[in-house]
Amino acid sequence: MRLARERERLCEIGRTMVESGLVLGTSGNISVREGDLVAVSPGGVALDRLTPGGCPVLDMSGRVIEGELKPSSEVPMHLAVYASTAAAAIVHTHSQYAVVVSSTTDELPPMHYNVLLLGGPVRVAPYATYGTAELAGHVRAALEGRHAALMANHGAVAVGADLEQALERARLLEWLCAVYVQAKAIGVPRVLTEQELTAVVERALQG
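Cut-offs applied
- Residues numbered from 1 in each chain as written.
- Predicted model: local features only at pLDDT ≥ 70, side-chain atom pairs only at ≥ 80, totals over all residues.
- Heavy atoms only, no water.
- Axes fitted to C-alpha atoms, helices over the stretch in contact; angles between N-to-C directions.
- Helix = DSSP H or I, 4+ residues; strand = E, 2+ residues; numbered from the N terminus.
- Parallel < 35°, antiparallel > 145°, perpendicular 65-115°, else oblique.
- Left-handed = near helix turned anticlockwise from the far one by under 90°.
- Contact = heavy atoms within 4.5 Å.
- UniProt positions renumbered as here; feature names shortened; annotations may be inferred.
- Core = buried A, V, L, I, M, F, W, Y, C linked by side-chain atoms within 4.5 Å.
- Buried < 20%, exposed > 50% of the residue type's maximum accessible area, 1.4 Å probe, protein only.

1. Here's the deal with the packing of helix α1 (residues 4–19) against helix α5 (residues 163–186)
Line of reasoning, step 1. In the contact formed by α1 and α5, the axes pass within 11 Å of each other and the chain directions differ by 15°. Considering the angle they form, α1 stands roughly parallel to α5. Between α1 and α5 lies a crossing of right-handed hand. Contact with α1, carried on its side by R9, L10, I13, T16 and M17, involves L163, E164, L167 and R171 of α5 and no other residues of that element.

Put into structure tokens, the structure is as follows:
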């Protein structure tokens with residue numbers, strides 16, 4: 001079986017995403033790239049019910065090489081991201097706070113310095129119908145210089161060097177969104193300035 005280990009990891013990460021509340025039902029999708037091949041979760045299957053054999057393997061044109069089921073409808077987005085970044089894994093969620101924030105603002109502001117772990121303030125990709133080339137283009141642009149993006153009225157996407165890193169970034173994004181929503185509920189959030197963020201970067205470089 002091609003990409004056997006990668007397909008097993010898709011199943012493991014899928015279960016973790018459901019257990020963490022990052023997805024409900026059959027929403028969300030994940031993929032991992034190895035060379036010129038991509039293993040992706042199938043469409044219409046809950047992520048905690050994936051099987052390695054059911055996860056399709058595609059080439060970079062989107063042609064199915066192996067797998068029992070039809071690939072996720074969001075394959076155009078995954079392939080667009082792989083074509084334009086160094087990412088080797090993608091996690092797409094429909095988590096609650098990410099959807100709330102993506103439906104109400106154009107950017108998640110830097111309320112906490114941990115946003116720097118995602119590359120900076122998180123952009124919201126404009127809305128487009130799921131599974132379309134238009135949405136893929138919007139997400140690709142929103143990810144420029146970032147490790148995560150929100151998708152207007154839809155959800156979130158995080159990328160990484162492997163599935164574990166992409167998942168941790170998705171978890172961090174959901175936490176940042178939750179902090180923002182809860183802060184807005186009790187007042188006007190204080191946003192960190194560019195100078196304050198630069199100081200954090202300089203402090204980190206000092207060890």
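So, next bit.
2. Digging into the UniProt feature "domain: Class II aldolase/adducin N-terminal" (unreviewed entry) in the protein
Line of reasoning, step 1. The UniProt record annotates "domain: Class II aldolase/adducin N-terminal" (unreviewed entry) at residues 8–181.
Line of reasoning, step 2. In the segment residues 8–181, helix accounts for 33% and strand for 21%; the C-alpha atoms at its two ends are 35 Å apart.

3. Thoughts on the nonpolar core
Line of reasoning, step 1. Core analysis: the largest hydrophobic core is formed by 39 residues, its most contacted members being M17, L108, L150 and L173.
Line of reasoning, step 2. If one sorts the elements of this core by residue count, α5 sits on top with nine residues.
Line of reasoning, step 3. Setting aside anything within four residues of it in sequence, one finds L108 in contact with V101, P121, V122, L150, L173, L176, C177 and Y180.
Line of reasoning, step 4. Counting residues in hydrophobic clusters, the runner-up holds 22 residues, among them V40, A80, A125 and A128.

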